[in-house]
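Spelled out, the chains give:
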2 protein chains.
Amino acid sequence: MNELSHLKSAGLKSTLPRLKVLSLFESGSERHLSAEDVYKKLLASGDDVGLATVYRVLNQFEQAGLLVKHHFEGDKSVFELNQGDHHDHIVCLQCGRVEEFYDATIEQRQKKAAAERGFELHDHSLYIYANCVKPKCQYRN
Amino acid sequence: MNELSHLKSAGLKSTLPRLKVLSLFESGSERHLSAEDVYKKLLASGDDVGLATVYRVLNQFEQAGLLVKHHFEGDKSVFELNQGDHHDHIVCLQCGRVEEFYDATIEQRQKKAAAERGFELHDHSLYIYANCVKPKCQYRN
DNA sequence: ATTACAAATGAGAATGATTAGCATTAGCAT
DNA sequence: ATGCTAATGCTAATCATTCTCATTTGTAAT
Ligand SMILES: [Mn+2]
Ligand SMILES: [Mn+2]
Ligand SMILES: [Zn+2]
Ligand SMILES: [Zn+2]
């Protein structure tokens, strides 16, 4: 279950750009990254990867189940490592900080809401937009 | 509480394009409409309104609290009449049908989740993606 | 009804994120 | 080492949405 085997089992060649993108996410400095974020971080570390390639790789990784894609308020989508655990997100409207949470009751009730209305639930997206409070908010302070 | 007073109280002039857009939503044929949807419907009914104006008016109406904007899966955003009641949405991945629902427990737990983590909840977006079942699904059938 | 002026509109250009096309390069299996 | 296919990196193209700016309208005061 290392990078290489992940790629292989997804039918993806082990190329330099893919390894770099993957290790960026696994380094864990920031969990939620946009394509632009990834692109810039790679440039900054001297690894030149084309922006188009970043987009392609991110989408392939999503398809392969390595990454999960989210659409926070705003235009650009963000990716995070898929660690098997589903969770939802609270996003600070001021500083952009993201906190993850999981609430079994909410999950439960969503299933129920869908079922009661004759839907077969496929998945869902839940984002809470809020303001984080003084000490943690990078905006206030 | 008619169209005109709505516009006035929002500090918006009562113009032809605005009246037309508003009555489109109030006619209630379809609750959830994208800018493109609105534009095409107006064209179809012989009312020529520029696409840029449609976008402008929709956003002004949102600011004024007349409409609510949503971002269902996909790129384009949709608007619906604001009737005071908050609700969330189930979207059929096959036929695009949208059903609204409200679950007090879910709302409650979101507030709690935010509070427990030191956030002041501002709002949230919850979309359930699912497949609707035979009789209602415009896709199967 | 006319006038006057700010606000609104419409057409098209500009933007920003994401994708497509294509010539060139690099994994990987002989 | 060779060859072939998939992957990369540009650039150009899309798509939704916003911006610009010259022209038109709504409105409130003559
Ligand atoms: Mn997350
Ligand atoms: Mn709705
Ligand atoms: Zn914050
Ligand atoms: Zn359906």
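Engineer: In this structure, what is going on with the side chain of S34(B)? I would like to understand it.
Structural biologist: Residue and element names in this part refer to chain B. For S34, the position within the fold is in strand β1 (residues 33-34). Here S34 falls in the buried class, since its relative accessible area comes to 3%. Apart from the residues lying within four places of it in its own chain, the contact partners of S34 are K76, S77 and V78.

Engineer: Would you mind showing me how to read the protein's contact with DNA strand C here?
Structural biologist: Lining the immediate environment of DNA strand C, one finds 18 residues, of which Y55(A), T15(B), R18(B), T53(B) and R56(B) sit closest. Backbone atoms, meaning sugar plus phosphate, form 64% of the atoms of DNA strand C positioned within 4 Å of the protein. Contacts to DNA strand C include G50(B), whose backbone N or O atom sits 3.0 Å from a phosphate oxygen. For the surface near DNA strand C, the elements supplying multiple residues, two or more each, are α4 (51-63) of chain A together with α2 (16-27) and α4 (51-63) of chain B. Ranked by the residues each element gives to the surface near DNA strand C, the list is headed by α4(A), at 4 residues. Residues belonging to the surface near DNA strand C are distributed by class as follows: 5 nonpolar, 6 polar and 7 charged.

Engineer: In this structure, what is going on with the interface of chain B and chain A? I would like to understand it.
Structural biologist: Opposite the 32 residues of chain B that make contact, chain A presents 32 residues. Here chain B meets chain A over a buried area of about 3000 Å², counting both sides, of which 59% is carbon and sulfur. By the criterion of area lost to chain A, the three top residues of chain B are R117(B), F119(B) and E120(B), representing 20% of everything that side buries. Connecting chain B to chain A are 2 salt bridges.

Engineer: Explain the coordination of the zinc ion (ligand 3) to me, please; I cannot follow it from the model alone.
Structural biologist: Reference values for coordination geometry: four tetrahedral donors around a metal ideally subtend 109.5 degrees, six octahedral donors ideally subtend 90 or 180 degrees. Residues and elements named next belong to chain A. Here the zinc ion (ligand 3) is held by C92 (SG), C95 (SG), C132 (SG) and C137 (SG), and the distances to it run 2.2 to 2.3 Å. Angles of 105 to 119 degrees at the metal separate the 4 donor atoms of the zinc ion (ligand 3), which places the site in the tetrahedral class. All donor residues of the zinc ion (ligand 3) come from one chain, and their arrangement in sequence is C-x2-C-x36-C-x4-C. Here C95, found in the loop between β4 (88-92) and β5 (98-101), pairs with C137, found in the segment after β6 (119-132); they are 42 residues apart in sequence, far enough to count as distant. Among the residues examined, C95 registers a relative accessible area of 22% and is labelled partly exposed.

Engineer: I'm lost on the packing of aromatic side chains in this one. Help?
Structural biologist: Geometrically, a pair of aromatic rings is defined through the distance of the ring centres and the angle of the planes. In this structure the tally under the stated criterion is 4 aromatic pairs over all chains. A ring pair is formed by F72(A) and Y127(A), whose centres lie 5.2 Å apart and whose planes are at 80 degrees; its orientation type is edge-to-face. Remark: Y127(A) occurs in strand β6 and F72(A) occurs in the loop between β2 (67-70) and β3 (78-81); sequence separation between them is 55 residues. Its relative accessible area of 6% is what places Y127(A) among the buried residues. For the pair Y127(B) and Y129(B), a centre-to-centre distance of 6.4 Å together with 45 degrees between the ring planes defines the contact as tilted.

The rules we used
- Each chain carries its own residue numbering, running from 1 in the direction its sequence is written.
- Lettering of chains starts at A and numbering of ligands starts at 1, both following the order in which they are written.
- Only residues with pLDDT of 70 or above have their local features reported here, since the model is predicted, and side-chain atom pairs are shown and tallied only from 80 upward, although totals for entire chains, interfaces and linings are computed over all residues.
- Calculated side-chain values reflect all of the structure's heavy atoms, with hydrogen atoms and water omitted.
- By definition, any uninterrupted DSSP run of H or I lasting at least four residues is a helix, any uninterrupted run of E lasting at least two residues is a strand, and each is numbered from the N terminus.
- Each residue gets one of three labels from its accessible area relative to the maximum for its type: buried under 20%, exposed over 50%, partly exposed in between, using a 1.4 Å probe on protein chains only.
- We call two residues in contact when some of their heavy atoms are within 4.5 Å.
- Note on definitions. A residue lies near a molecule or strand when any single heavy atom of the residue is within 4 Å of it.
- Whenever a nitrogen or oxygen atom comes within 3.5 Å of another N or O atom, the pair is scored as a polar contact, on the condition that within protein one atom can donate a hydrogen and the other can accept it, and that pairs from neighbouring residues in sequence are kept only if both atoms are in side chains.
- Polarity classes work like this: nonpolar for Ala, Val, Leu, Ile, Met, Phe, Trp, Tyr, Cys and Pro, charged for Asp, Glu, Lys and Arg, and polar for all others, with Gly in that last group.
- The term buried area means the drop in 1.4 Å probe accessible area that two parts suffer when joined, counted for both and summed.
- Definition used for salt bridges: Asp or Glu carboxyl oxygen within 4 Å of a side-chain nitrogen of Lys or Arg.
- Donor atoms are limited to N, O and S found within 2.8 Å of the metal ion, a distance that becomes 3.2 Å for Na, K and Ca. With water left out, some sites might look partial.
- Four donors are marked tetrahedral only if all angles between them lie between 85 and 135 degrees, whereas four are marked square planar and six octahedral if opposite donors are more than 155 degrees apart and the other angles lie between 65 and 115; the remainder are marked irregular.
- Aromatic pairing here means that ring centres of Phe, Tyr or Trp (its six-membered ring) are within 6.5 Å. Orientation follows from the plane angle: under 30 degrees is stacked, over 60 is edge-to-face, and everything else is tilted.

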